[in-house]
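Structural overview
Here is how the chains run, residue by residue.
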Amino acid sequence: IDEFEKSSREVHNFFLELLSVVMADEKYSKDEDNFIKEIAVTFNIDKESIDSAFNILLDLKNTYGKLSQFIEEV
């Protein structure tokens with residue numbers, strides 16, 4: 001993390017990817033929550049951006065679910 005170039009675009013991309021891994025099993029433990037908050041502090045990501053990232057990933061998950069249902073209907 002210390003060697004990571006901290007441009008805004010790279011940080012948000014990294015954060016979304018990390019959050020998607022944490023959310024992949026559809027379980028979000030207190031340890032995972034603490035880890036995400038620690039990463040957010042490290043990269044100066046505010047609560048509003050964390051919430052936005054969660055919502056984006058939930059929307060993406062729901063969209064993939066709808067796509068899957070659509071494909072299965074054919």
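Quick summary incoming for the structure in this document. This is a predicted model, so every value here is computed, not measured. Think of each chain on its own: its residues are numbered from 1, step by step along the sequence as written. Since the coordinates come from a predicted model, pLDDT governs what is reported: local features require at least 70, and pairs of side-chain atoms require 80 or more to be given and counted, while whole-chain, interface and lining totals use all residues. Only hydrogens and water are set aside; all other atoms, that is, all heavy atoms of the structure, feed into the side-chain values.

Regarding the packing of helix 1 (residues 8-23) against helix 2 (residues 30-42)
Every angle, taken between N-to-C directions, lies between 0 and 180 degrees, and every axis is a line fitted to C-alpha atoms, over only the stretch in contact when it is a helix. To qualify as a helix, a DSSP run of H or I must reach at least 4 residues; to qualify as a strand, a run of E must reach at least 2; elements of each kind are numbered from the N terminus. It is the contact of helix 1 with helix 2, at a shortest axis distance of 11 Å, that shows an interaxial angle of 175°. Between helix 1 and helix 2, the angle falls in the class roughly antiparallel. Contacts from Phe14, Phe15, Leu18, Leu19 and Val22 of helix 1 reach helix 2 at Glu32, Phe35, Ile36, Ile39 and Ala40. Should an angle lie under 35 degrees it is considered roughly parallel, over 145 roughly antiparallel, and from 65 to 115 roughly perpendicular; all remaining angles are considered oblique. Contacts are assigned to residue pairs that have any heavy atoms within 4.5 Å of one another.

Considerations on the nonpolar core
Within this scheme, the nonpolar core is defined by two criteria: the residues are buried Ala, Val, Leu, Ile, Met, Phe, Trp, Tyr or Cys, and they are joined through side-chain atoms within 4.5 Å. Summary of the burial criterion: residues with accessible area below 20% of their type's maximum are buried, those above 50% are exposed, and those between are partly exposed, where the area comes from a 1.4 Å probe applied to protein chains only. Core analysis: the largest hydrophobic core is formed by 15 residues, its most contacted members being Phe15, Leu19, Ile36, Ile45 and Ile50. Top contributing element to this core by residue count: helix 1, with 6 residues. Leave out the neighbours within four places in its chain, and Ile36 touches Phe15, Leu18, Leu19, Val22 and Tyr28.

A look at helix 2
The span you would expect from a helix comes to 1.5 Å times its residue count less one. The end-to-end C-alpha distance of helix 2 is 18 Å, a good match for the 18 Å that 13 residues give at a rise of 1.5 Å each. Among all positions in helix 2, only Asp33, Ile36, Ile39 and Ala40 are buried. The arc that holds the buried residues of helix 2, viewed along the axis, is 125°, so those residues lie on one side. Residues Lys30, Asp31, Glu38 and Val41 are exposed on helix 2 and point more than 90 degrees away from its buried face. The secondary structure elements touched by the buried residues of helix 2 are helix 1 and helix 3 (47-73). Immediately beyond the C-terminal end of helix 2, within one or two residues, lies Asn44, with a positive phi of roughly 55°. It is the directions from the helix axis to the C-beta atoms that the arc portrays.

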